Amino acid sequence: MGFLDAILGRSKPVSPDLDQLFALPSAAVTLQAAAGFEPTGLGSVCFASVEGATFSRIQEEARSLLDGSVEFTQDAYGYTWLLVRHPPEDVAGLVNDLHAVNTSLEEAGFGPQLLCSLAGFRDERQRSLALVYLYKRGTFYPFSPKEGGGEKRDNPLELQVRAMLGDDLTIEQDLARWFPVWGAPGL
């Protein structure tokens, strides 16, 4: 960052650190102990789709890398979601697969298309919660849609989870960046 950038208040963008994903298993233990949220065994990676042979090859590599336990879907906004399934108790395996997919896309030059990754959780009241990793920010935030349909969030729960996980994860401080991921696979 140069002198002029400092004067004008510009900051250097945070470099993604995919190794942050490896903090999810300890965060899962904290969530389970403090709030009763159990891992669902579902996680996903969201990225902007790109046409072409290289991208198709990456998708096939992901399928073979993950032994076919992966599904690709496209949302209403045109983003591609890659859903990974694991037994609920295998959070470490889920994180390894999410990390592998992100790394493969990044190494193939598709880093700018990566948006987020998430891991799903549910409590005894069947409330859904996702811990969302923002690729371009290198931070996490909780997302919890309210039960009963509609696009409403359980903001008190999200803030409670933020407070619980402050020692486990790098939490996104700018609440305006806690984007809703309605209908995300894995949630």
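Before reading on, note that the structure itself is shown above.
Residues numbered from 1 in each chain as written. Predicted model: local features only at pLDDT ≥ 70, side-chain atom pairs only at ≥ 80, totals over all residues. Heavy atoms only, no water.

1. Digging into the overall build of the protein chain
When helices and strands are counted, the protein chain shows five helices and six strands. Relative to a compact globule of 187 residues, whose C-alpha radius of gyration would be 16 Å, the protein chain shows 17 Å and is just as compact. Its C-alpha atoms give the protein chain principal-axis dimensions of roughly 50 × 45 × 30 Å. Here the protein chain holds 187 residues, and the buried ones make up 44% of them. At a minimum sequence separation of 6, the contacts of the protein chain that also span at least 24 residues come to 64%. As presented, the protein chain carries roughly 9,500 Å² of accessible surface, and 53% of it is formed by carbon and sulfur atoms. (Helix = DSSP H or I, 4+ residues; strand = E, 2+ residues; numbered from the N terminus. Rg over C-alpha atoms; globule rule 2.2 N^0.38 Å. Buried < 20%, exposed > 50% of the residue type's maximum accessible area, 1.4 Å probe, protein only. Contact = heavy atoms within 4.5 Å. Areas by Shrake-Rupley, 256 points an atom, 1.4 Å probe, with all protein chains shown as cover.)

2. What to know about helix α3 (residues 53-65)
Spanning 13 residues, α3 covers 18 Å between terminal C-alpha atoms, matching the ideal 18 Å at 1.5 Å per step. Among the residues of α3, those classed as buried are Phe55, Ile58, Gln59 and Ala62. Projected down its long axis, α3 shows its buried positions confined to an angular sector of 100°, all on one face. Of the exposed residues in α3, the ones pointing more than 90 degrees away from its buried face are Ala53 and Ser64. Check the buried side of α3 and you find it contacts β1 (38-48), β2 (70-74), β3 (79-85) and α4 (91-110). Asp67, located one to two residues past α3, shows a positive phi value of around 55°. (Expected span 1.5 Å × (residues − 1). Arc of directions from axis to C-beta.)

3. Some remarks on the pairing of β3
In terms of residue burial, β3 counts as a mostly covered element, since five of its seven residues are buried. Note that β1 and β3 share seven bridges and pair antiparallel. The residue bridging Ser44 from the neighbouring strand is Leu83, located in β3. Inspection of the sheet shows β2 paired to β3 by five bridges, in the antiparallel sense. Residue Val70 lies in a different strand from β3, and its bridge partner there is Val84. Counting the residues that bridge the hairpin from β2 to β3 gives four residues, and of these Gly78 lies at a positive phi of roughly 90°. (Pairing = 2+ DSSP bridges.)

4. So, the environment of Asp19
Looking at where Asp19 falls in the secondary structure, it is placed in the loop between α1 (3-8) and α2 (24-35). Its relative accessible area of 46% is what places Asp19 among the partly exposed residues. In the structure, Asp19 is positioned 119 residues away from Gly138 in sequence and 9.5 Å away in space, judged by C-alpha atoms. Here the side chain of Asp19 touches His99 through a polar contact of 3.0 Å, side chain to side chain. (Polar contact = N/O pair within 3.5 Å; in protein donor to acceptor, adjacent residues only side chain to side chain.)

5. Brief notes about the packing of aromatic side chains
For the structure on display, the rule yields three aromatic pairs. Seen in terms of ring centroids, Tyr133 and Phe140 are 5.1 Å apart; in terms of plane orientation they differ by 55°. Their pairing is tilted. Overall, Phe140 belongs to the buried group, its relative accessible area being 1%. Between Tyr141 and Trp178 the ring centres are 6.0 Å apart and the planes differ by 20°, which places this aromatic pair in the stacked class. Note that Tyr141 is positioned in strand β6 (residues 139-143) and Trp178 in the segment after α5 (155-165), a separation of 37 residues in sequence. For Tyr141, a relative accessible area of 1% corresponds to the buried category. (Phe/Tyr/Trp six-rings, centres within 6.5 Å; stacked < 30°, edge-to-face > 60°.)

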